[in-house]
Amino acid sequence: MNEEAIAYIEYLSKLKEIKRPAMPIFDVLAYTDNEYLMSIKEIEKDFEYIDDYYLSLHHLKGE
């Protein structure tokens, strides 16, 4: 059992570190709360006439 653990530790030590790309810095104070709310309402208005029930029954179920 110890031999397997030692072999696993050696395997893990040979793995390279994955470097993630740096995320851009967002200025969360760039917009007011009202501007965020207006944006969300505009997006909701764009999807107002989509029939979610029809889509879920016919498109997502494969018909």
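The residue count restarts for each chain, going from 1 along the sequence in the order it is written. The predicted origin of the model limits local features to residues at a pLDDT of at least 70 and limits the giving and counting of side-chain atom pairs to 80 or more, whereas totals for whole chains, interfaces and linings rest on all residues. Only hydrogens and water are removed before side-chain values are computed, so all heavy atoms of the structure are retained for them.

### Some thoughts on the overall build of the protein
Argument step 1. Within the protein, the secondary structure is distributed over 3 helices and 0 strands.
Argument step 2. For the protein, whose C-alpha radius of gyration is 25 Å, the value lies well above the compact-globule estimate of 11 Å for 63 residues.
Argument step 3. Principal-axis analysis of the C-alpha atoms gives the protein an extent of 65 × 45 × 15 Å.
Argument step 4. Relative accessibility decides the category of a residue: with a 1.4 Å probe and only protein chains considered, values under 20% of the type maximum give buried, values over 50% give exposed, and everything between is partly exposed. Looking at the 63 residues of the protein, the share that counts as buried comes to 0%.
Argument step 5. Of the roughly 7,200 Å² that the protein leaves accessible, carbon and sulfur atoms contribute 61%.
Argument step 6. One finds the centroid of the 7 positive side-chain charges in the protein at a distance of 8 Å from the centroid of its 14 negative side-chain charges. For helices the rule is a DSSP run of H or I covering at least 4 residues; for strands it is a run of E covering at least 2, with both sets numbered from the N terminus onward. The size measure is the radius of gyration over C-alpha atoms, and the globule rule it meets is 2.2 Å times the number of residues to the 0.38 power. For the area figures, the Shrake-Rupley method with a 1.4 Å probe applies, and any residue is considered shielded solely by the protein chains shown. Counting rule for charge: Lys and Arg are taken as positive, Asp and Glu as negative, and neither His nor the chain ends is counted. Note that the charge is assigned to NZ on lysines, CZ on arginines, CG on aspartates and CD on glutamates.

### Quick word on a nonpolar patch on the surface
Argument step 1. Only residues whose relative accessible area exceeds 30% and that form no salt bridge are eligible for patches; like-charged ones are grouped when within 9 Å, while nonpolar side chains (Val, Leu, Ile, Met, Phe, Trp, Tyr) are grouped when within 5 Å. A side-chain nitrogen of Lys or Arg and a carboxyl oxygen of Asp or Glu constitute a salt bridge if their distance falls within 4 Å. A cluster of nonpolar residues, Ile43, Phe47, Ile50, Tyr54 and Leu55, forms a patch on the protein surface that exposes about 500 Å² of accessible area.
Argument step 2. Inspection of the secondary structure puts Ile43 in helix α2 (residues 33-46).
Argument step 3. You can call Ile43 exposed: its relative accessible area is 52%.

### What to know about the confidence of the model for the protein
Argument step 1. pLDDT runs from 0 to 100 and stands for how confident the predictor is about each residue. Per-residue confidence for the protein gives a mean pLDDT of 81, with 95% of residues at or over 70.
Argument step 2. When pLDDT is averaged over each element of the protein, α2 comes out on top at 89 and helix α3 (residues 52-59) at the bottom at 75.

### A word on the pattern of salt bridges
Side-chain pairing between opposite charges can occur once the charged atoms of the two side chains come close.
Argument step 1. As enumerated under the stated definition, the model contains 1 salt bridge in all.
Argument step 2. Here Lys45 ties to Glu42 by a salt bridge, and the two come within 3.4 Å at their closest N and O atoms. Remark: Glu42 and Lys45 occur in helix α2; sequence separation between them is 3 residues, near one turn of the helix.
Argument step 3. Since its relative accessible area comes to 48%, Lys45 is described here as partly exposed.

### So, the environment of Ala7
Argument step 1. Position of Ala7 among the secondary structure elements: in helix α1 (residues 2-14).
Argument step 2. It is 60 Å that separates the C-alpha atoms of Ala7 and Tyr49, two residues lying 42 residues apart in sequence.

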